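Residue strings, one per chain:
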Amino acid sequence: MSNQPSAGASDPLVSVVVVTYNSEATIGETLSSLAEQTYPTDRYEVIVVDGGSSDGTETIVAEFDATFRVVDGGTIGACRNHGVDVATGDYVAFTDSDCAVPATWLRSHVDRIESQHDERIVGVGGPNRPFADDPWFSKLVGSVQGTVFGSGGSPQSHAIDEVRTVRSVAACNVMYDATVFDSYRYDDAVNVGEDAEFHFRLSEDGYRFVFDPSIAVSHHLSANLGAYCKKSRSYGYAMARIQRRHGKIIRWYSALPSVALGCGTLAAAIDLTSRKPRYVPLLFASFLLVSAYATAQVYRERRTLSALLVPVMLAAQYTCYGIGFLEGIATRDPTH
């Protein structure tokens, strides 16, 4: 992709797109953080694309200097594409309406992307972390997802501490070279996992992102176990549907929770039939070994006894993700 103005030239124009739906409780925080950027105010625009909110989201957006558009009933993918259509910038950045960005967010993204001289690089991204004042469970979720067993090594949440080239980043913290959208778009039909699907297509054609761990955004993560389970299930379902669509494995670890569920069920059936507890205890011991490693990682970071809940959270995450993945595989495509 083409490089933008060199050092010494005027700052490039950046279009920031925020996709939202019924976010009156958080979008004010998002837009306030965007209004406080160190980047020149005349060199960036904010575009809010609403999927058809029924709450007071629009009223809150009206308090800020932002373009407001509605794609009634639109998927997240369709809303992102609409934001791209409205954008006029040399770069297009995305964050979500339950995030807040640091004051240096745009400057850091622009400096990082303009320092690249590789035609394969189409964007820059960074991690997302819990808010400092979020509930303890949300912070625990962030810590769990910072472990390799909580994220599968995915850079958007896994604790990577160096700048590196990756295949995908999270759409809540990304800036693209706008020229990429001349040839590629998000899939309008995808609502969850739209960033993974879009970046998979880019990676298949040889394009990459730069992951910079210093460019982090605050993100409201699941506040309780029920929300955590629901989100895990939706991610599993979405990943299965995306992989069915492409007929390829997008992330090698995506089917592992479902395989583990199948193995556990089979082991239980064998042990019950033989009336000898052999395979279930073995699987349980293996899980304890894995979760103990993750628990130790979380405890080193947080230094609280809440780390003891990590095995429960991993069990819930794997189970719900696995169930969602199986549902995604089994669900028939809609007919028209």
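Residues numbered from 1 in each chain as written. Predicted model: local features only at pLDDT ≥ 70, side-chain atom pairs only at ≥ 80, totals over all residues. Heavy atoms only, no water.

Peer 1: Lay out the packing of helix α5 (residues 136–145) against helix α11 (residues 310–330) with the relevant residues and their values.
Peer 2: Where α5 contacts α11, the two axes come as close as 11 Å, and the packing angle between them is 75°. With respect to α11, the element α5 is oriented roughly perpendicular. Residue-level contacts link Phe137, Leu140, Val141 and Val144 of α5 to Val310, Met313, Leu314 and Gln317 of α11. When grouped by side-chain class, the residues that make up the contact of α5 with α11 number 7 nonpolar, 1 polar and no charged. (Axes fitted to C-alpha atoms, helices over the stretch in contact; angles between N-to-C directions. Helix = DSSP H or I, 4+ residues; strand = E, 2+ residues; numbered from the N terminus. Parallel < 35°, antiparallel > 145°, perpendicular 65-115°, else oblique. Contact = heavy atoms within 4.5 Å. Nonpolar A, V, L, I, M, F, W, Y, C, P; charged D, E, K, R; others polar.)

Peer 1: Give a description of helix α10 (residues 279–302) that names residues and reports values.
Peer 2: Spanning 24 residues, α10 covers 34 Å between terminal C-alpha atoms, matching the ideal 34 Å at 1.5 Å per step. When α10 is considered as a whole, its buried residues turn out to be Ser291, Ala294, Thr295 and Val298. At the exit of α10 stands Arg303, carrying a positive phi of roughly 55°. (Expected span 1.5 Å × (residues − 1). Buried < 20%, exposed > 50% of the residue type's maximum accessible area, 1.4 Å probe, protein only.)

Peer 1: Residues and numbers for the pattern of salt bridges, please.
Peer 2: Taken as a whole and judged by the stated rule, the model has 12 salt bridges. Here Arg112 ties to Asp212 by a salt bridge, and the two come within 3.0 Å at their closest N and O atoms. Taken together, the residues Arg112 in helix α4 (residues 105–114) and Asp212 in the loop between β10 (208–211) and β11 (217–219) connect sequence positions 100 residues apart. For Arg112, a relative accessible area of 24% translates into the label partly exposed. Residue classification places Asp212 among the buried residues on the basis of a relative accessible area of 5%. Asp187 serves as the salt-bridge partner of Arg245, at 2.1 Å between the closest nitrogen and oxygen. Within this pair, whereas Arg245 is found in helix α8 (residues 225–246), its partner Asp187 is found in the loop between β9 (174–177) and α7 (194–204), the two being separated by 58 residues in sequence. Residue classification places Arg245 among the partly exposed positions, given a relative accessible area of 46%. Owing to a relative accessible area of 18%, Asp187 belongs among the buried residues under this scheme. (Salt bridge = Lys/Arg side-chain N within 4 Å of Asp/Glu carboxyl O.)

Peer 1: Outline a nonpolar patch on the surface, listing residues and values.
Peer 2: On the surface, Trp136, Leu225, Leu309 and Val312 cluster together into a nonpolar patch covering about 360 Å² of accessible area. Following the sequence through the fold, Trp136 ends up in helix α5. Classification of Trp136 as partly exposed rests on a relative accessible area of 49%. (Patch = residues over 30% accessible without salt bridge, like charges linked within 9 Å, V, L, I, M, F, W, Y side chains within 5 Å. Areas by Shrake-Rupley, 256 points an atom, 1.4 Å probe, with all protein chains shown as cover.)

Peer 1: Describe in detail the sheet that holds β11, supporting the description with residues and values.
Peer 2: Spatially, 3 strands are ordered β5-β11-β7 in an open sheet, and the strand pairing comes out mixed. In the strand order of this sheet, the two ends are held by β5 (99–100) and β7 (128–129), each with one partner. (Pairing = 2+ DSSP bridges.)

Peer 1: I'd like a rundown of the pairing of strand β1 (residues 14–20), residues and numbers included.
Peer 2: Of all the 7 residues making up β1, 7 are buried; the element is thus mostly covered by neighbouring parts of the structure. Both faces of β1 are covered, namely the face carrying Val14, Val16, Val18 and Thr20 and the face carrying Ser15, Val17 and Val19. One ladder, built from 7 bridges, connects β1 with strand β2 (residues 44–50); its direction is parallel. Residue pairing for β2: Val16 is matched across the bridge by Val46. Pairing between β1 and strand β4 (residues 91–96): 6 bridges, direction parallel. Bridging from a neighbouring strand, Val18 pairs with Thr95 of β4.

Peer 1: Lay out the nonpolar core in plain terms, naming residues and giving numbers.
Peer 2: Val14, Val16, Leu34, Val48, Trp105, Leu106 and Met175 are the most contacted members of the largest nonpolar core, which has 29 residues in total. For this core, the secondary-structure elements that each account for two or more residues are β1, α1 (27–35), β2, α2 (57–61), β4, α4 and β6 (121–125). Per element, the largest residue contribution to this core is 4 residues, and it comes from α4. In this view, Leu106 contacts Val14, Val16, Gln37, Tyr39, Tyr44, Ala93 and Met175; residues no more than four positions away in its chain are not counted. (Core = buried A, V, L, I, M, F, W, Y, C linked by side-chain atoms within 4.5 Å.)

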